[in-house]
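One-letter residues, chain by chain:
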Amino acid sequence: MTDIRSTLREQSRNASAHAEPRPGPTVPAVVRRWKLWLLTVCAIYPTIVLLGLATDPLLEDLYLPVRLAVLVPAAAAAMVWQINPRLQRYFGAWLTR
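Residues numbered from 1 in each chain as written. Predicted model: local features only at pLDDT ≥ 70, side-chain atom pairs only at ≥ 80, totals over all residues. Heavy atoms only, no water.

1. Let's talk about helix α2 (residues 33-59)
Largest kink in α2: about 35 degrees, centred on leucine 53, with the proline proline 57 one to four residues after it. What α2 keeps buried is the set Lys35, Leu39, Ala43, Thr47, Thr55 and Leu59. Along its buried surface, α2 packs onto α3 (64-90) and α4 (92-96). (Bend = angle between axes of the 7 residues up to and from the residue. Helix = DSSP H or I, 4+ residues; strand = E, 2+ residues; numbered from the N terminus. Buried < 20%, exposed > 50% of the residue type's maximum accessible area, 1.4 Å probe, protein only. Contact = heavy atoms within 4.5 Å.)

Pasting the structure below:
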């Protein structure tokens, strides 16, 4: 049993001695909040307008607060999982400049 342990220790030492150095953690660039706000406003306005137009035939008889209770979660989900990640990839360099 001790032979196996010593063999494993030796292999571990050899592996760590020949391993490539790992790069350290990178510091994320600081996103300018006003640019993120501007990008969000430019993205959420057409999202809400399009969702409003698409759901208007279904929700036209409902009161405005009820319509908004349907539209806002749908718009927020679209922004969080679809629109913002794509916009941040596309405008990432500009956001941190």
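2. Digging into the packing of α2 against α3
Between α2 and α3, the least distance of the axes is 9 Å, while the angle of their chain directions is 135 degrees. Taken together, α2 and α3 sit at an angle that is classed as oblique. Relative to α3, the crossing made by α2 is right-handed. Between α2, through Leu36, Leu39, Thr40, Ala43, Ile44, Thr47, Ile48, Leu51, Gly52, Thr55 and Leu59, and α3, the contact on the second element is made entirely by Arg67, Val70, Leu71, Ala74, Ala75, Ala78, Met79, Ile83, Asn84, Leu87 and Gln88. Within the contact of α2 with α3, the residues separate by chemical class into 15 nonpolar, 6 polar and 1 charged. (Axes fitted to C-alpha atoms, helices over the stretch in contact; angles between N-to-C directions. Parallel < 35°, antiparallel > 145°, perpendicular 65-115°, else oblique. Left-handed = near helix turned anticlockwise from the far one by under 90°. Nonpolar A, V, L, I, M, F, W, Y, C, P; charged D, E, K, R; others polar.)

3. Structural notes on the nonpolar core
Core analysis: the biggest nonpolar cluster contains 5 residues, these being Leu39, Ala43, Met79, Leu87 and Leu95. Within the residue set of this core, elements represented by two or more residues are α2 and α3. (Core = buried A, V, L, I, M, F, W, Y, C linked by side-chain atoms within 4.5 Å.)

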